[in-house]
Amino acid sequence: MFDILAITVPIYIAIALGYGLTRWGVFAKTDMRAFGTFVVKVAMPALLFNALSQRSLSDILNSEYVTSYALASLITLSLSIAWSLRVLKKSRSLSACFALGMTCPNSGFVGYPIALLSLGPIAGVSLALNMIVENLLIIPILLAWAETGQGQQRWHDILFQTLKGMLKNPMIWGIVLGFAFSWYGTQLPPSLNRTVSLFAQASGALSLFVIGGSLVGLPVRGMESSVAQITLGKLLVHPLVMWGVLTWLVPISD
């Protein structure tokens, strides 16, 4: 019990600190956008590069991990879209929003800090593998699905444009460069390596701080039902599907 609290309490303290300092006016909402941009475009790409470039490919490429995570995410995605369309009678665009909320577990802003506290340095590798599945599979599929609901473009054109847009994502380049350095077995000079590490270390705490600050002023009234369903899908359905995949479809002993 105390081991679990030792992992989870710092997470909530960091989020609460971000919320409180923004709520009390020490930071503005616009500051949270700037901090979030820094995390996504600087700190997290540095983190991903560090996690991959300093390990061999055999330690990084885990086909069972990627396959099981992709399968569980696709199953959850399908269930959430079916629920949104058939039961809630939502549009394609809204069903994509529901599926995005249930399927993508916020690996960068919340998942990585928790994994870092519980698993240690290997958390960076799991973050990179998660990002590959989320950015190259789940998010493009859902964006294409949402856009087809507008009836303006063909799905494969939308999918191509989405994947093309991923090339502008600094996190994707952090993963690509990390894999490249790992493949060739090269390392940055010590001074540059320490610089990248400084930015990478800023990711965990700052990402949680941004989550808390971003909650200030968000309206909840009128959205309780949708929030509850998405939360149930994210925190119960997706983990149960993941457990089922690991038990029956891609059994992993460890």
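Keep in mind the model is a prediction, meaning the values are calculated, not measured.

Calculation rules
Residues numbered from 1 in each chain as written. Predicted model: local features only at pLDDT ≥ 70, side-chain atom pairs only at ≥ 80, totals over all residues. Heavy atoms only, no water. Core = buried A, V, L, I, M, F, W, Y, C linked by side-chain atoms within 4.5 Å. Buried < 20%, exposed > 50% of the residue type's maximum accessible area, 1.4 Å probe, protein only. Helix = DSSP H or I, 4+ residues; strand = E, 2+ residues; numbered from the N terminus. 1 Å grid on protein atoms, 1.4 Å probe; cavity = no way out; pocket = protein on both sides within 12 Å on 5 of 7 lines; lining within 4 Å. Points joined across faces, edges and corners; volume = space filled by probe spheres on them. Nonpolar A, V, L, I, M, F, W, Y, C, P; charged D, E, K, R; others polar. Axes fitted to C-alpha atoms, helices over the stretch in contact; angles between N-to-C directions. Parallel < 35°, antiparallel > 145°, perpendicular 65-115°, else oblique. Left-handed = near helix turned anticlockwise from the far one by under 90°. Contact = heavy atoms within 4.5 Å. Expected span 1.5 Å × (residues − 1). Bend = angle between axes of the 7 residues up to and from the residue.

Engineer: Tell me about the nonpolar core, residues and numbers included.
Structural biologist: Ranked by size, the top nonpolar core spans 25 residues in total, and within it M44, L48, L52, L127, M131, I175 and F179 carry the most contacts. Among the elements of the structure, α2 (29-53), α3 (57-60), α6 (107-119), α7 (123-148), α9 (170-184), α10 (190-201) and α11 (203-214) are those that each provide at least two residues to this core. Per element, the largest residue contribution to this core is seven residues, and it comes from α2. Among the nonpolar cores identified, the runner-up in size contains 14 residues, and Y69, A70, A99 and V245 belong to it.

Engineer: Give me the layout of surface pockets: which residues, what numbers.
Structural biologist: If you add up the space inside the largest pocket, you get close to 1,800 Å³. If you trace the largest pocket, you find 46 residues lining it, with P105, N106, S107, V110 and G111 closest to the centre. Secondary structure elements with two or more residues in the lining of the largest pocket: α3, α4 (63-87), α6, α7, α11 and α12 (224-249). Considering each element in turn, the lining of the largest pocket owes the most residues, 10 residues, to α12. The class makeup of the residues in the lining of the largest pocket is 29 nonpolar, 13 polar and four charged.

Engineer: I'd like a description of the packing of α4 against α12, backed by residues and values.
Structural biologist: The N-to-C vectors of α4 and α12 enclose an angle of 135°; their axes lie 9 Å apart at closest approach. Of the possible angle classes, the one that applies to α4 and α12 is oblique. Crossing handedness for the pair α4 and α12: right-handed. Of α12, the residues touching α4 (which contributes S68, Y69, L71, A72, S73, I75, T76, L79 and W83) are Q229, V237, H238, V241, M242, V245, L246 and L249. Across the contact of α4 with α12, the residue classes tally to 12 nonpolar, five polar and no charged.

Engineer: Give a detailed account of unusual backbone geometry, specifying residues and quantitative values.
Structural biologist: The backbone of K89 sits at a positive phi, close to 60°, despite the residue not being glycine. Turning to its location among the elements, K89 is positioned in the loop between α4 and α5 (92-103). Backbone geometry places N106, a non-glycine residue, at a positive phi of 55°. Within the secondary structure layout, N106 lies in the loop between α5 and α6. Judged by relative accessible area, N106 falls into the partly exposed class, the value being 32%.

Engineer: I'd like a description of α7, backed by residues and values.
Structural biologist: Relative to the 38 Å expected for 26 residues at 1.5 Å per residue, α7 spans 36 Å between its end C-alpha atoms, a close match to the ideal helical length. The largest bend along α7 measures about 35° and falls at E134.

Engineer: So what's going on with the side chain of S84? Residues and values would help.
Structural biologist: Mapped onto the secondary structure, S84 falls in helix α4. Take S84: its relative accessible area is 0%, and that puts it in the buried class. Dropping the residues within four chain positions of it, S84 is found in contact with K89, K90, S95 and F98.

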